[in-house]
Amino acid sequence: MLLVRYFAGARAAAGMPEEKVEATTLGDLVGAVTADRPRLTAVLTACSFLVDGVAWRDRDAPLPATATVDVLPPFAGG
């Protein structure tokens, strides 16, 4: 089971700070968390993902079975 943690706008769109999800790839995870959440679907198109603290871009690569996945929308600041 993966722990998915949402930050900033992703947290608002998900309606929760974190959740547990069954998924084997990042693509599977995105599909699972966006089912019935159109607002989250839109936000995730601009998000970056960290898997156990490492940037993860390959949506087809297998995820570690007990990973923590951080969902990070673009941040502005200066």
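Please refer to the structure higher up on the page.
Residues numbered from 1 in each chain as written. Predicted model: local features only at pLDDT ≥ 70, side-chain atom pairs only at ≥ 80, totals over all residues. Heavy atoms only, no water.

Looking at this model, I keep getting lost on the overall build of the chain. Mind explaining?
Regarding its fold elements, the chain presents 3 helices and 5 strands. For the chain, the succession of helices and strands along the chain, N to C, is β-α-β-α-α-β-β-β. What you see for the chain is a C-alpha radius of gyration of 12 Å, in line with the 12 Å of a compact globule of 78 residues. For the chain, the spread of C-alpha atoms along the principal axes amounts to about 35 × 30 × 20 Å. When burial is assessed residue by residue, the chain has 38% of its 78 residues classed as buried. (Helix = DSSP H or I, 4+ residues; strand = E, 2+ residues; numbered from the N terminus. Rg over C-alpha atoms; globule rule 2.2 N^0.38 Å. Buried < 20%, exposed > 50% of the residue type's maximum accessible area, 1.4 Å probe, protein only.)

What exactly am I supposed to notice about the sheet that holds strand E4 (residues 54-55) here?
Either a parallel or an antiparallel arrangement is found when strands of a sheet pair, and the pairing is made through backbone hydrogen bonds. Pairing is mixed in the open sheet, where 5 strands are placed in the order E2-E1-E5-E3-E4. Looking along the sheet, the strands with just one partner apiece sit at the ends: strand E2 (18-21) and E4. Bridge analysis of strand E1 (residues 2-6) against E2 gives 4 bridges, and the strand direction is antiparallel. Bridged to Leu3 within E2 is Lys20. (Pairing = 2+ DSSP bridges.)

Sorry, what's going on with the nonpolar core here?
As a rule of thumb, nonpolar side chains are buried together in soluble globular proteins. Counting residues in each nonpolar core, the largest one holds 21 residues, and the members touching the most others are Tyr6, Leu29, Val33, Leu40, Leu44, Phe49 and Val71. Counting only elements with at least two residues in this core, the list comes to E1, helix H1 (8-14), helix H2 (26-34), helix H3 (38-44), strand E3 (48-51) and strand E5 (68-72). No other element matches H2, which puts 4 residues into this core. Setting aside anything within four residues of it in sequence, one finds Val71 in contact with Val4, Arg5, Tyr6, Phe7, Ala10, Leu44, Cys47, Ser48 and Phe49. (Core = buried A, V, L, I, M, F, W, Y, C linked by side-chain atoms within 4.5 Å. Contact = heavy atoms within 4.5 Å.)

Mind showing me how you'd approach the pairing of E3 here?
Side chains Phe49 and Val51 project from E3 onto a buried face, and the interleaved Ser48 and Leu50 project onto a face without burial. Direction of pairing for E3 relative to E5: antiparallel, over a ladder of 4 bridges. Its bridge partner lying in E5, Ser48 is registered against Leu72. Judged from the 2 bridges that link them, E3 and E4 form a sheet pairing that is antiparallel. From the neighbouring strand, Leu50 faces E4, where its bridge partner is Ala55. The hairpin formed by E3 and E4 contains 2 residues between the paired strands, and Asp52 there has a positive phi angle of roughly 50°.

Before we go on, may I ask you to explain the pattern of salt bridges in this structure?
Evaluation of the coordinates by the stated rule reveals 2 salt bridges. Between Arg5 and Asp70 there is a salt bridge, and its shortest N-O distance comes to 2.6 Å. Residue Arg5 is located in strand E1, and its partner Asp70 is located in strand E5; the two are separated by 65 residues in the primary sequence. With relative accessibility at 31%, the residue Arg5 sits in the partly exposed group. Put simply, Arg37 and Glu19 hold a salt bridge, and the shortest N to O gap is 2.8 Å. Remark: Glu19 occurs in strand E2 and Arg37 occurs in the loop between H2 and H3; sequence separation between them is 18 residues. What makes Arg37 buried here is its relative accessible area of 17%. (Salt bridge = Lys/Arg side-chain N within 4 Å of Asp/Glu carboxyl O.)

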